[in-house]
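Single-letter residue listing:
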Amino acid sequence: MERHLMDSKIKGVSTGTTILAVTFNGGVIIGSDSRASIGGYYVSSKTINKLIQVHDRIFCCIAGSLADAQAVTKAAKFQISFHSIQMESPPLVKAAASVLKELCYNNKEELQAGFITAGWDRKKGPQVYTVALGGMLLSQPFTIGGSGSTYIYGYADAKYKPDMSKEECLQFATNALALAMGRDNVSGGVAHLVVITEEGVEHVVIPGDKLPKFHDE
Amino acid sequence: MSSIGTGYDLSASTFSPDGRVFQVEYAMKAVENSSTAIGIRCKDGVVFGVEKLVLSKLYEQGSNKRIFNVDRHVGMAVAGLLADARSLSEVAREEASNFRSNYGHNIPLKYLSERVAMYVHAYTLYSAVRPFGCSFIFGSYDQDDGPQLYMVDPSGISFGYWGCAIGKAKQAAKTEIEKLQMKDMTCRELVKEVAKIIYIVHDEVKDKAFELELSWVGEVTNGKHELVPKDIRVEAEKYAKDSLEEEDDSDEDNM
């Protein structure tokens, strides 16, 4: 899997980060840490929100340059909401991911941001899409991203099961975030989780000291 | 024949005192001069039938198509000025293609017909251009949304239908369509009925020879819009001709 670029001194504030999205039976959980850093030495924010809501049941998590990611998600949010009004129906998760992908691909020279788009729609239910740095769009049952993701590939590959229950999935996502935040110096803060189902959207915030502890801690 | 505009009909940018835009109405007349096209939506697909009048024995059979593919899952039957219709089919194709490029999935038919209708409507606003002299029937089949049928006319409105007809015999065709229980029929049954309706509304006296163009999109074609295969078309035409003969015979008995 492609490794997202770590923070770059040229780009200024960036999100050395850990992001993930996991589908379960009836919904999807999208999660991230909350640390923003400059140059890998200074934590510029301990509580930034990397989970952007682009529509009622569709969220994006951002990795890479914070400025680029915010600009892209703002443009994407506008395009998706306009598209949804024209269609007179909620947008497909695939459509939202495609909008992001077009923005990333057409501006790939200038941008340094990658995304995970996850949500629920009537047609295909819960879905997760990765939009990588250069504009690649890939649909997966679950995905992890950001600099912290490199430390949890083993855990994620071993522990993911298709068709989990909501509680199992929450546990999986929380553990994965905790492990990554524990080892990656540019990931940390609180764990933000959003549970998206047909019924609605539920935010769960787990402060750093309430995260699951593993041996050594 | 019908009312003349006398001065208020010179450009599309002029209303008449009784609130009509005559250029648009004249455009609709152009559609009424063309031969009939019908589209019917059934429970698992959409079938189009077009009465193509053969003006010369030298025409190659199967050319001069009046049913176009707009996208894999969308078909379009036209009536009116064919040149206008062909250029608009390109517009529709671009809309469908751009939609897929931006949003990653098939264009929903309602949206496509609204976009084409908006384009057609734009040409009814200015004196520098003339309105398009053609109507279209769009049909598509999608696994989740099912079959859809929309019609766009020269004024730039689009409506959804279970069955519609455009062209010279549209009234007669509509009467026949209304007799059908299309919501309960499958495409295979409907193909024969569509052929029959075209044969019924075709005027033997005025128009002589014609070629029947049939196309469908639905579960039977796996969501792909294509011309009806030759053997099914031949069977449908036979059914149509036989029904007509039966009706002729029964008419004679009643008299």
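Per an unreviewed UniProt entry, chain B goes by Proteasome subunit alpha type and derives from Hucho hucho.

The name given to chain A in an unreviewed UniProt entry is Proteasome subunit beta, and the organism recorded there is Hucho hucho. For chain A, the Catalytic activity (unreviewed entry) comment in UniProt is given as "Cleavage of peptide bonds with very broad specificity."

Visitor: Looking at this structure, how should I read the overall build of chain A?
Guide: Scanning chain A from N- to C-terminus turns up 4 helices and 13 strands. Here the C-alpha atoms of chain A give a radius of gyration of 16 Å, agreeing with the 17 Å that 2.2 N^0.38 yields for 217 residues. Counting only C-alpha atoms and orienting by the principal axes, one finds that chain A spans roughly 50 × 40 × 25 Å. Within chain A, the proportion of its 217 residues that are buried is 57%. If you take every contact in chain A between residues at least 6 apart in sequence, the share linking residues at least 24 apart comes to 65%. Of the roughly 9900 Å² of accessible surface on chain A, a fraction of 53% belongs to carbon and sulfur atoms. Between the averaged position of the 21 positive side-chain charges in chain A and that of its 21 negative side-chain charges there is a distance of 2 Å.

Visitor: Where do I start with the packing of helix H2 (residues 93-106) of chain A against helix H2 (residues 82-103) of chain B in this structure?
Guide: Axis angle and axis distance: for two packed helices, these are the angle between their axes and the distance between the axes, and together they describe the pair. For the pair H2 of chain A and H2 of chain B, the least separation of the axes is 6 Å and the interaxial angle reads 85 degrees. Taken together, H2 of chain A and H2 of chain B sit at an angle that is classed as roughly perpendicular. Residues Lys94, Ala95, Ser98, Val99, Lys101 and Glu102 of chain A of H2 of chain A form the contact with H2 of chain B, whose own contacting residues are Ser101, Asn102 and Tyr103 of chain B. Residue composition of the contact of H2 of chain A with H2 of chain B, by class: 3 nonpolar, 3 polar and 3 charged.

Visitor: Sorry if this is basic, but what is going on with the packing of helix H4 (residues 170-178) of chain B against helix H5 (residues 187-201) of chain B here?
Guide: All names here are of chain B. Contact geometry for H4 and H5: axes closest at 9 Å, N-to-C directions at 145 degrees. Of the two elements, H4 crosses H5, and the hand of that crossing is right-handed. Where H4 approaches H5, its residues Ala172, Ala173, Glu176 and Ile177 are matched on the opposing element by Ile197, Ile200 and Val201. Residues that form the contact of H4 with H5 fall into these classes: 6 nonpolar, no polar and 1 charged.

Visitor: Explanation requested: the interface of chain A and chain B in the structure shown.
Guide: Contacts between the two partners involve 12 residues from chain A, matched on the other side by 13 residues from chain B. For chain A, the biggest contributors to the area lost against chain B are Gln86, Met87 and Lys123 of chain A; these three give 42% of the whole. Here chain A is connected to chain B by 3 salt bridges. Taking the shortest distance from any N to any O, the salt bridge between aspartate 142 of chain B and lysine 123 of chain A comes out at 3.8 Å. Where chain A touches chain B, the interface holds 5 residue pairs in polar contact (both at pLDDT 80 or more). At the level of secondary structure, the elements contributing two or more residues to the side of chain A that touches chain B comprise helix H1 (66-87) and H2 of chain A. For the side of chain A that touches chain B, the leading source of residues is H2 of chain A, giving 6 residues. Grouping the amino acids of the side of chain A that touches chain B by side-chain chemistry returns 4 nonpolar, 3 polar and 5 charged.

Visitor: How do you make sense of the sheet that holds strand E10 (residues 226-227) of chain B when you look at a structure like this?
Guide: Each strand in a sheet pairs with another by means of backbone hydrogen bonds, the pair being arranged parallel or else antiparallel. Residue and element names in this part refer to chain B. What the 5 strands build is an open sheet, ordered E8-E1-E2-E9-E10; its pairing is antiparallel. Pairing within the sheet leaves two strands with one partner each, and these edge strands are strand E8 (163-166) and E10. Pairing analysis gives 6 bridges linking strand E1 (residues 37-42) to strand E2 (residues 45-53), with the strands arranged antiparallel. Following the sheet pairing, alanine 37 is matched in E2 by valine 50. Lying on the sheet, H5 is in contact with E1, E2 and strand E9 (210-218); it crosses E9 at an angle near 155 degrees.

Visitor: What is the right way to read the confidence of the model for chain B from this model?
Guide: Interpreting fine coordinate detail is not advised for predicted regions of low pLDDT. Residues with a pLDDT of 70 or more make up 96% of chain B, whose mean pLDDT is 91. Model confidence for the complex is summarised by a pTM of 0.86, with the ipTM given as 0.81.

Basis of the calculations
- Residues numbered from 1 in each chain as written.
- Chains lettered and ligands numbered in written order.
- Predicted model: local features only at pLDDT ≥ 70, side-chain atom pairs only at ≥ 80, totals over all residues.
- Heavy atoms only, no water.
- UniProt positions renumbered as here; feature names shortened; annotations may be inferred.
- Helix = DSSP H or I, 4+ residues; strand = E, 2+ residues; numbered from the N terminus.
- Rg over C-alpha atoms; globule rule 2.2 N^0.38 Å.
- Buried < 20%, exposed > 50% of the residue type's maximum accessible area, 1.4 Å probe, protein only.
- Contact = heavy atoms within 4.5 Å.
- Areas by Shrake-Rupley, 256 points an atom, 1.4 Å probe, with all protein chains shown as cover.
- Lys, Arg positive; Asp, Glu negative; His and termini not counted.
- Charge placed at Lys NZ, Arg CZ, Asp CG, Glu CD.
- Axes fitted to C-alpha atoms, helices over the stretch in contact; angles between N-to-C directions.
- Parallel < 35°, antiparallel > 145°, perpendicular 65-115°, else oblique.
- Nonpolar A, V, L, I, M, F, W, Y, C, P; charged D, E, K, R; others polar.
- Left-handed = near helix turned anticlockwise from the far one by under 90°.
- Buried area = accessible area lost by both parts, 1.4 Å probe.
- Salt bridge = Lys/Arg side-chain N within 4 Å of Asp/Glu carboxyl O.
- Polar contact = N/O pair within 3.5 Å; in protein donor to acceptor, adjacent residues only side chain to side chain.
- Pairing = 2+ DSSP bridges.
- pLDDT = per-residue confidence, 0-100.

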